[in-house]
Every structure is written in structure tokens, then in C-alpha cells.
Amino acid sequence: MAFFISSSPHAHIQRSTSELMIWVMLCTSLGLIAQTLFFGFGSLIQVVFAMMLAVLAESLVLLLRKKPLKPYLSDNSALLTGLLIGLAIPPLAPWWITVIGVVSAIVVAKHLYGGIGQNLFNPAMVAYVVLLISFPLEMTSWLPPQELLAEKISFIDSFMVIFTGHSVEGFSIFQLQTNIDGVTMATPLDTIKTSLKTGLTTQEIYQQPIFDSLAGVGWQWINLGYFIGGIVLLKQRVILWQIPISFLGSLFCISFLFYLFNPDTAASPLIHLFSGATMLGAFFIATDPVSAATTPKGRIVYGAAIGLLIYLIRSWGGFPDGIAFAVLIANMCVPLIDYYTKPRTYGHVKG
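This one's a predicted model, so the numbers in the text were calculated from it and none came from an experiment. (Residues numbered from 1 in each chain as written. Predicted model: local features only at pLDDT ≥ 70, side-chain atom pairs only at ≥ 80, totals over all residues. Heavy atoms only, no water.)

Just give me the short version of the overall build of the protein chain, but keep the residues and values in it.
Within the protein chain, the regular secondary structure consists of 18 helices and zero strands. A sequence separation of at least 24 residues applies to 74% of the contacts in the protein chain between residues at least 6 apart. Roughly 16,900 Å² of accessible area belongs to the protein chain as shown, and the carbon and sulfur atoms make up 69% of that amount. (Helix = DSSP H or I, 4+ residues; strand = E, 2+ residues; numbered from the N terminus. Contact = heavy atoms within 4.5 Å. Areas by Shrake-Rupley, 256 points an atom, 1.4 Å probe, with all protein chains shown as cover.)

This is the structure:
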């Protein structure tokens, strides 16, 4: 009898790694469409550009490592990494931000550890954290939703800003960030964090134009898109339920608890669940089969830990969202989580 040993990702369904990656990419479609509708074509340009760069970087590293291109490129893992980086980067971030992010993910976080199945950390989140720490201004320059902009931004303008720094009419990204009231806007989570520091209550913060909806204009629809895509992944058994459910359950419970006791200084659970990158993180990032916990109980602990860390970072940390940091911290804990939650061997009893 022949036995075959392979590295992660290990999937308990009869699908290839390539097919699993394709399913994940397809299921981001609704969220990407919503992101493009509300924040312009920059999101779509960033995604396509990042995916092309990821394949190029993967090819160059494989050539340097004297590895065959076709077997490694055909698993589509580089494409998925590029997709996630493109989704996380602000729509009009300069092109070199995307280049640095992709190189950090593919070359450093993935191949320096040996390639797919060997990396300890989620490559896309490593890239995001590197960019956020190194270039905080560029990485927090999100546009207001299209309906709140003084001037709508076309595809050509988005392309020009990304690759030249200015629109066709010569406007910089900081000029384009100005909304219809002539005020530069931040994301809902960033607005809450900075406004609370000035002494405003959450009810006063919610009177701002960006909160003219459930969780910030456009953001609830983006998160709903990723939520629907995540449900499809669960239904197709591309991912398992433990991580996203424990992630969202943990974030809801702790945000509800703080909101219940002090609603004037704590954002509502709906804000936490349907703003920022919550649903993208729960279904598409935390569920990475290589860097996540592998035991059934371990996946629940892993997801719950990420939800808890996200709330702590959003509320008291230096960054408005915190999903990337929470995932990387949880990645560090995976060996410990798996060790203490591994199933008991059949026939063995506690000594």
C-alpha cells in the first residue's frame, strides 16, 4: 500500500487547491462590485493590478528557486493573494504601494518560508501590516462614497491618480477626498475613533453624513456582499463554519456588552459587523487553510480570539480596523491552540 504525504492546505473535500482558490475568488465578486460602485473604479484597478503583479512575482521567485512554473502557478494561490491585497488597499493608493504589498506577500511572507503550505502567516495580511506601518498616510486615504463626493471620479481619473498621482484635470487624491460639503472625510470606523477622542458621543457622531445608513454609507452593502459570498463558500464546503461563526459571534458579543453598558462611547454591534473589513476578514482572510488553526475546537478558539482582538484594537488600539493585526497575532498562536485542542486518539484515555 502506498502512502502520500503532502503539505497544507488540507481540504476534506474532493477538490483541488486550484478549484478551491477559484471558488474563493468568485465569491468575493459581490463585495468587489459593491466596493467599486461606492468607491469608484480604483478598487477594480487595484485588484487587477495586484493579481497581475502577484503572478509575476510568483513566477520570478519560482525561476530563482529553480522550480517549475506550471504546477505552482496553476494552484491559483498567487492570484488569490493578489486579489485580497487589492481589496484591502485604498482605491486610489499609488501604484508603488501595491507593488511593495505584493512583494512583501509573495516573496517574504510566502516563499521565504518555503511556499504554499509552509508559511506561518497569512501573506496578504503581512503585506497589509507592512504597508500600514510604513505608509500610514497612503493606506488611510480612502475616498468618501461616490454619492458624497463633490465630483464623481471616472475610470480614467482613477487610473491616472493611481499611476501618475493626479486626475485628468490635475486634482490630487487629497483634493478628490473632499466631499460635497467641502470637508475631507474618513472611513466610518476612523471617524468614530477620532471623534470619540474629541469628546463627542456616538449619537453625535452618527449625525455626520457618512453615517446616513446602517453602518456608514456603502459599507453595509460591501459587507453584505462579502457575507453572501461567505455563505456560498460554507454551502460549498470550501470553508468550515467554525472560524467565521466564532469570529462574528465573539465580535458581536463583546461589542454588544460594551454598547449595553455605555452606548455613548461604544459603537453599536451593527457598526462593528457591517463596517470596515469585517465580513471579508471573517470569511476570506481568517479562514486561510494554511495559517489558521486545524482542529475543530481550535478553529472555534482561533476565530473567537480574532473577534476579541479586533474589538480591542478598534476601541483602544492605534488603528481604526485591526483585522490584519488580529489575524497575524492569532496566526502566532496557532501551534499552541492546535496543541491544546487536538482530538483524543481513538482508544486512548487520560492518564
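Read on for the rest.
Explain helix H7 (residues 123–134) to me, and be specific about the residues and the numbers.
The terminal C-alpha atoms of H7 lie 17 Å apart, and with twelve residues this matches the ideal 16 Å at 1.5 Å per residue to within 8%. Taken residue by residue, H7 has Pro123, Ala124, Met125, Val126, Ala127, Val129, Leu131 and Leu132 as its buried positions. The inward-facing, buried residues of H7 contact helix H5 (77–88), helix H6 (95–110), helix H8 (136–139), helix H16 (278–285) and helix H18 (323–341). The N-terminus of H7 is capped by Asn122, whose side-chain oxygen sits 3.1 Å from the backbone nitrogen of Ala124. (Expected span 1.5 Å × (residues − 1). Buried < 20%, exposed > 50% of the residue type's maximum accessible area, 1.4 Å probe, protein only. Polar contact = N/O pair within 3.5 Å; in protein donor to acceptor, adjacent residues only side chain to side chain.)

Which residues make up the pattern of salt bridges, and what are the values?
Inspection of the entire model under this criterion finds two salt bridges. For the salt bridge of Glu58 with Lys110, the shortest nitrogen-to-oxygen distance reads 3.0 Å. Pair noted here: Glu58 is in helix H3 (residues 42–64) and Lys110 is in helix H6, with a separation of 52 residues, a long-range link. For the pair formed by Glu58 and Lys110, the shared burial category is buried. (Salt bridge = Lys/Arg side-chain N within 4 Å of Asp/Glu carboxyl O.)

Summarise the packing of helix H2 (residues 29–39) against H3; cite the residues concerned and give the values.
Packed helix pairs are characterised by how far apart their axes lie and by the angle those axes make with each other. Packing of H2 against H3 brings their axes to within 7 Å, and their N-to-C directions diverge by 135 degrees. With respect to H3, the axis of H2 lies oblique. In this structure, H2 contributes Leu32, Gln35, Thr36 and Phe39 to the contact, and H3 contributes Ser43, Leu44 and Val47. Tallied by class, residues from the contact of H2 with H3 come to four nonpolar, three polar and no charged. (Axes fitted to C-alpha atoms, helices over the stretch in contact; angles between N-to-C directions. Parallel < 35°, antiparallel > 145°, perpendicular 65-115°, else oblique. Nonpolar A, V, L, I, M, F, W, Y, C, P; charged D, E, K, R; others polar.)

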